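Fold and contact review
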Amino acid sequence: GGRRLRFLRSTRRAALLRARRIVVPSAYLRDAAIGWGLPAERLVVVPNPAPDVDGIVARDEARSRLGLEGFAVGAAGRLTVQKALGDALAAVARVPGIELLLLGDGPERARLEGLARELGIADRVRFLGAGTRAEVLTLFRAVDAALLTSAWENLPHTVLEALAAGTPVVATAVGGVPEVVRDGENGLLVAPGDVDGLAGAIGRLARDEGLRTRLATEAPRSVEELAEPRILGRIVGELERAV
């Protein structure tokens, strides 16, 4: 019960306080950990890695597999309250002629399917169900923009996957997301819960091919320093320093 949970939390905190090095994936989490009382000098930020996309199909093939012709946006992950995908549906409803693909499953699926029908966009929203990591990368290769509408986050892997695949990201500026998605450079940022701002960002990308091309070109470059071999090397280095 509650006593066991409090014991586990106190034990975990004590273990962290004894640790010589504590690796966290974002400056956001580092600052939060300092607020919890962990020593700043022991906290090291090593971001999550960007995946290797060399084996992923080309954009034309990815779009063909998913049957895409016009402008499309996509999101991947668990369909949970945290992801605030109702905002994504509401935003898509305000931008005519675009399609939304959702790859993932979870407790919010039935509600989101009902909301799509209520908004009159059921024919423009596809629920693809759960998928593999390769399918996530194929989705991001195919769509024109990746969506992240979360109410809260740390540093989600889907943002790195989309950028590595060469796809701009439209995301809420929460947690460590702004540390990777740079507004106007490799994506567009909006405030969490701002459906008008989200619809505006999606519509802007849909209308402005030059902006879309510029952001897509910069996307993979922006995560080159986060390639898996480099990040794994940094983690090994931190472990060696700790021992």
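Okay, so let's go over this structure. (Residues numbered from 1 in each chain as written. Predicted model: local features only at pLDDT ≥ 70, side-chain atom pairs only at ≥ 80, totals over all residues. Heavy atoms only, no water.)

**A look at the pattern of salt bridges**
Opposite charge on two side chains makes pairing possible when the charged atoms of those side chains draw close. Throughout the structure, instances matching the rule amount to 18 salt bridges. Here arginine 65 makes a salt bridge to glutamate 61, at a shortest N to O gap of 3.1 Å. Within this pair, arginine 65 and its partner glutamate 61 are both found in helix α3 (residues 59–66), separated by four residues, close to a single helical turn. Under the relative-accessibility criterion, glutamate 61 is labelled partly exposed at 37%. (Salt bridge = Lys/Arg side-chain N within 4 Å of Asp/Glu carboxyl O. Helix = DSSP H or I, 4+ residues; strand = E, 2+ residues; numbered from the N terminus. Buried < 20%, exposed > 50% of the residue type's maximum accessible area, 1.4 Å probe, protein only.)

**Looking at the environment of alanine 191**
Here alanine 191 is to be found in the loop between β8 (187–190) and α8 (195–207). Distance from alanine 191 to glycine 35, taken between C-alpha atoms, is 23 Å for residues 156 residues apart in sequence.

**A look at the packing of α8 against helix α9 (residues 209–222)**
Here α8 crosses α9 at 100°, and the two axes come no closer than 5 Å. The orientation of α8 with respect to α9, classified from their angle, is roughly perpendicular. Of the residues in α9, those touching α8 at Arg204, Leu205, Ala206 and Arg207 are Glu209, Leu211, Arg212 and Leu215. Looking at the contact of α8 with α9, its residues break down into four nonpolar, no polar and four charged. (Axes fitted to C-alpha atoms, helices over the stretch in contact; angles between N-to-C directions. Parallel < 35°, antiparallel > 145°, perpendicular 65-115°, else oblique. Contact = heavy atoms within 4.5 Å. Nonpolar A, V, L, I, M, F, W, Y, C, P; charged D, E, K, R; others polar.)

**Some points on the pairing of strand β7 (residues 169–172)**
On β7, burial covers both faces: Val169 and Ala171 on one face and Val170 and Thr172 on the other are all buried. In this sheet, β7 lies alongside strand β6 (residues 145–148) in parallel orientation, the contact comprising three bridges. When the sheet's bridge partners are listed, leucine 147 is paired in β7 with valine 170. Handedness of the crossover joining β6 and β7 through helix α7 (residues 157–164) is recorded here as right-handed. The sheet contact formed by β7 and β8 spans four bridges and is parallel. Looking at β8, one finds that valine 169 is bridged to glycine 187. (Pairing = 2+ DSSP bridges. Right-handed = clockwise from strand over helix to strand, strands pointing away.)

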